Amino acid sequence: MDSQIHKIHQQLVNKEITCTQLVNDKLGLLKQNTHNTVNSLLDTLALDLAKKVDQKIANGETIGLLEGIPFGIKDVYMVQGTITTASSNLLKNYKSAYTATAIQKLLDAGAIPLVKENCDSFGHGSSSENTIFGAVKNAINPELVAGGSSGGSAVNVAKDYTVFSIGGDTGGSVRQPAGYNTIYGLKPTYGRISRYGLMAYASSTDCVGPIAKSIEDIRIVLNTISGKDVKDQTTYASAEIEQSSILNIEHIKTIGYFKNFVESDAIAPEIKAAFLNTIEKIKAKGIAVKALDFFESNTLVSTYYTLAMAETASNLSRLDGINYGERVEAENLKETYSVTRSENLSEETKRRIVGGNQVLSQGFSDEIYLKGLALRDEISKNFENDFNEVDIILSPVTPNTPPKIGDSLKDPHAMYLSDAYTVGFSLGQLPTLTVPQGTATGLQISAAKNNDELVLKFANFLKDTL
Ligand code: GLN
């Protein structure tokens with residue numbers, strides 16, 4: 001798929017379409033859609049902005065590349081004056097007081113926000129079923145889950161309801177739904193994009209991530225939203241990625257893959273066969289391929305969930321009905337906290353808060369939480385060593401194809417294990433891109449920290465090779 005952004009930009013400039021028409025068409029599609037992707041439409045704002053773009057074009061003024069391009073926003077980002085629910089009962093009427101930095105940068109570039117998108121509540125999930133707005137349905141087969149947590153965002157892109165969407169990825173939430181709906185989704189290097197205004201799930205791995213149908217569109221959006229932000233002290237300044245610099249792969253000589261991911265009993269035979277076939281095609285192009293050792297899936301998943309639950313228990317403690325959220329009044333303050341949270345948070349979110357408080361509590365934290373931190377350091381070290389030997393690590397996105405809607409809810413542990421291939425790269429804070437080739441749920445391309453450009457380069461190579 002070629003760049004949608006360049007194509008629409010040309011159509012606007014050539015006056016083949018008006019921005020108002022474009023935005024109306026997309027809003028119409030979003031309204032009618034039966035995939036449950038929409039939490040709320042930003043129709044008044046979108047049409048207002050579209051009118052301004054049309055006016056500029058009519059006046060003969062030049063417009064920027066992203067000006068007038070409609071996009072979607074996972075419903076965990078603040079956009080001043082809009083409702084941001086995190087797909088939860090607790091925040092179903094919560095009005096954002098300010099706008100997230102990444103979204104503000106897109107608004108400044110003239111892109112047009114259409115919709116706050118359905119997702120797993122607070123990012124807790126891998127299927128977009130943990131939501132008060134109804135399970136998001138897969139773009140290709142609506143009986144299957146869309147993946148999660150950024151399921152609504154991935155489906156909107158896959159169905160062309162939005163040109164691109166901004167998801168959030170803590171342990172795979174952009175990459176896995178991108179894989180399940182056969183599109184591109186990037187988790188950039190941790191800190192490349194400001195998290196200011198993204199509701200915190202697990203702060204040490206939370207990333208803002210673009211979802212789109214082409215590598216070029218990912219590049220354009222990434223460049224626009226990257227950069228140092230005084231409001232997020234983990235951010236760093238990064239160089240612009242040029243369009244021409246991702247077209248050749250002469251620097252990529254060696255890639256690696258994790259032996260145990262492919263040899264695991266949990267991988268579906270079709271995904272394994274397709275992945276190994278991909279490896280052969282890459283070798284045939286003269287690139288060396290190394291099989292690497294890595295931590296067992298169980299270790300990765302337990303480390304990730306220990307830390308993610310601990311962090312979310314802490315981050316979500318502010319949602320008490322006093323500082324934020326729908327309050328359920330009870331006899332006294334303590335009871336009010338308790339009833340508010342018991343009634344307004346989902347089962348999955350409560351499971352994580354209880355688990356997180358458990359691993360942080362006295363008597364358990366040394367044994368569990370500190371061990372999780374130590375393992376995370378070992379995982380990062382392992383990646384550092386690997387990237388002394390290989391330029392890229394390639395892996396499947398998921399061990400299996402998307403489950404049927406309803407199945408994951410019955411077995412949360414199985415759902416956690418389905419994140420086996422995505423969470424390691426989150427713990428390593430690496431740039432990792434899902435591409436819609438190679439296996440039924442795509443491939444993940446990872447590089448060393450701040451090598452997001454290399455990831456996009458290799459994606460271009462795979463697009464032409466597979
Ligand atoms: N499925 C993972 C989890 O539930 C990842 C979610 C995410 O990246 N927000 O934690």
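Computed from a predicted model, the values in this text were never measured in an experiment.

K.L.:
I tried to follow the overall build of the protein on my own but got confused; where do I start?
P.N.:
Regarding its fold elements, the protein presents 17 helices and 11 strands. Computed over C-alpha atoms, the radius of gyration of the protein comes to 21 Å, within 12% of the 23 Å expected from 2.2 N^0.38 for 466 residues, which places it in the range of a compact globule. The C-alpha extent of the protein, read off along each of the three principal axes, is 70 × 70 × 45 Å. Out of the 466 residues belonging to the protein, those deemed buried represent 59%. Counted over contacts in the protein with a minimum sequence separation of 6, partners at least 24 positions apart contribute 74%. Carbon and sulfur atoms provide 49% of the accessible area of the protein, an area that totals close to 18000 Å². Of the charged side chains in the protein, 44 are positive and 53 negative; the average position of the first set lies 2 Å away from that of the second.

K.L.:
Explain the packing of helix α1 (residues 4-13) against helix α7 (residues 215-225) to me, please; I cannot follow it from the model alone.
P.N.:
Two packed helices can be described by the angle between their axes and the distance between those axes. As a packed pair, α1 and α7 sit with axes 7 Å apart at the nearest point and diverge in direction by 80°. Looking at the two axes, α1 sits roughly perpendicular to α7. Residues Q4, I5 and H6 of α1 touch α7, and the partners they reach there are E216, D217, I220 and V221. In the contact of α1 with α7, the residues fall into 3 nonpolar, 2 polar and 2 charged.

K.L.:
When you look at helix α17 (residues 452-465) in this model, what are you seeing that I'm missing?
P.N.:
Residues separated by three or four positions in an α-helix point in the same direction, a consequence of the helix having 3.6 residues per turn. In this model, α17 (14 residues) spans 20 Å end to end at C-alpha, consistent with the 20 Å of a helix rising 1.5 Å per residue. Of all the 14 residues making up α17, 11 are buried; the element is thus mostly covered by neighbouring parts of the structure. Listing the buried residues of α17 in full gives D452, L454, V455, L456, K457, F458, A459, N460, F461, L462 and T465. Of the surrounding secondary structure, the elements contacted by the buried residues of α17 are α7, β7 (254-258), α9 (269-284), β9 (392-396), β10 (432-435) and β11 (443-446).

K.L.:
Please explain the packing of aromatic side chains as it appears in this structure.
P.N.:
Centre-to-centre distance and the angle between the planes together describe a pair of aromatic rings. Per the stated rule, a full pass over the model turns up 16 aromatic pairs. Taken together, a centroid distance of 6.2 Å and an interplanar angle of 55° make the contact between F258 and F383 tilted. Residue F258 is found in strand β7, and its partner F383 is found in helix α13 (residues 369-389); the two are separated by 125 residues along the sequence. Residue F383 is classed as buried on the basis of its relative accessible area, which comes to 2%. For the pair F294 and F295, a centre-to-centre distance of 5.7 Å together with 85° between the ring planes defines the contact as edge-to-face.

K.L.:
Before we go on, may I ask you to explain the side chain of D75 in this structure?
P.N.:
Residue placement: D75 occurs in the loop between β2 (70-74) and α4 (101-108). The buried category is assigned to D75, whose relative accessible area is 0%. Within the local environment of D75, its side chain forms a polar contact with the side chain of N39, the two groups lying 3.0 Å apart.

K.L.:
Any chance you could explain the nonpolar core here in plain terms?
P.N.:
Soluble, globular proteins show a tendency: their nonpolar side chains are buried together. Judged by nonpolar contacts, the single largest core of 116 residues is most densely connected at F164, I166, L394 and F458. In terms of residue count, helix α10 (residues 297-315) provides more of this core than any other element does, 8 residues in total. Each residue touching F164, except ones within four places of it in the same chain, is listed here: I5, L66, I69, P70, F71, G72, L106, A111, V157, I211, A212 and V221. Counting 11 residues, the second largest nonpolar core, distinct from the first, contains V136, A139, A146 and I183.

K.L.:
Would you mind going over unusual backbone geometry with me for this structure?
P.N.:
In terms of backbone geometry, most residues other than glycine have negative phi values and most peptide bonds are trans. S149 follows G148 through a cis peptide bond whose omega is 15°. Residue position: S149 is located in the loop between β3 (112-117) and α5 (151-158). Of note in this structure, S87 is not a glycine but carries a positive phi near 55°. Of note, S87 is situated in the loop between β2 and α4.

K.L.:
Would you explain α10 in this entry?
P.N.:
Here α10 contains 19 residues, and its C-alpha end-to-end distance of 26 Å stays within 8% of the 27 Å for a straight helix at 1.5 Å per residue. A large share of α10 lies buried, amounting to 15 of its 19 residues.

K.L.:
I keep staring at the site of the ligand and nothing clicks. Help me out?
P.N.:
Close contacts around the ligand come from 15 residues, with T170, G171, S173, Y201 and Y304 the closest. For the ligand, a nitrogen atom lies 2.9 Å from a polar atom in the side chain of D419. The protein chains hide 99% of the 290 Å² of surface that the ligand would expose on its own. Tallied by class, the residues present in the shell around the ligand amount to 3 nonpolar, 9 polar and 3 charged.

K.L.:
I would appreciate a short explanation of the environment of Q11 in the present structure.
P.N.:
Counting through the fold element by element, Q11 comes out in helix α1. The exposure class assigned to Q11 is partly exposed, which follows from its relative accessible area of 22%. Sequence separation between Q11 and Y236 is 225 residues; the distance between their C-alpha atoms is 35 Å.

K.L.:
What am I meant to see in the sheet that holds β3 here?
P.N.:
Sheet strands pair via backbone hydrogen bonds, and the direction of the pair is either parallel or antiparallel. Strand order in the open sheet formed by 11 strands is β1-β3-β2-β4-β6-β5-β10-β11-β9-β7-β8, with mixed pairing between adjacent strands. Only two strands of the sheet have a single neighbouring strand rather than two, namely β1 (38-41) and β8 (288-292). Direction aside, the axes of adjacent strands within the sheet are offset by 25° on average. Relative to the sheet, α13 contacts β7, β8, β9 and β11, its axis offset from that of β9 by approximately 115°. The strands touched by α17 within the sheet are β5 (184-187), β7, β9, β10 and β11, with β11 carrying the most contacts at an inclination of about 140°.

Reading the values: rules and limits
Residues numbered from 1 in each chain as written. Predicted model: local features only at pLDDT ≥ 70, side-chain atom pairs only at ≥ 80, totals over all residues. Heavy atoms only, no water. Helix = DSSP H or I, 4+ residues; strand = E, 2+ residues; numbered from the N terminus. Rg over C-alpha atoms; globule rule 2.2 N^0.38 Å. Buried < 20%, exposed > 50% of the residue type's maximum accessible area, 1.4 Å probe, protein only. Contact = heavy atoms within 4.5 Å. Areas by Shrake-Rupley, 256 points an atom, 1.4 Å probe, with all protein chains shown as cover. Lys, Arg positive; Asp, Glu negative; His and termini not counted. Charge placed at Lys NZ, Arg CZ, Asp CG, Glu CD. Axes fitted to C-alpha atoms, helices over the stretch in contact; angles between N-to-C directions. Parallel < 35°, antiparallel > 145°, perpendicular 65-115°, else oblique. Nonpolar A, V, L, I, M, F, W, Y, C, P; charged D, E, K, R; others polar. Expected span 1.5 Å × (residues − 1). Phe/Tyr/Trp six-rings, centres within 6.5 Å; stacked < 30°, edge-to-face > 60°. Polar contact = N/O pair within 3.5 Å; in protein donor to acceptor, adjacent residues only side chain to side chain. Core = buried A, V, L, I, M, F, W, Y, C linked by side-chain atoms within 4.5 Å. Near = heavy atom within 4 Å. Pairing = 2+ DSSP bridges.

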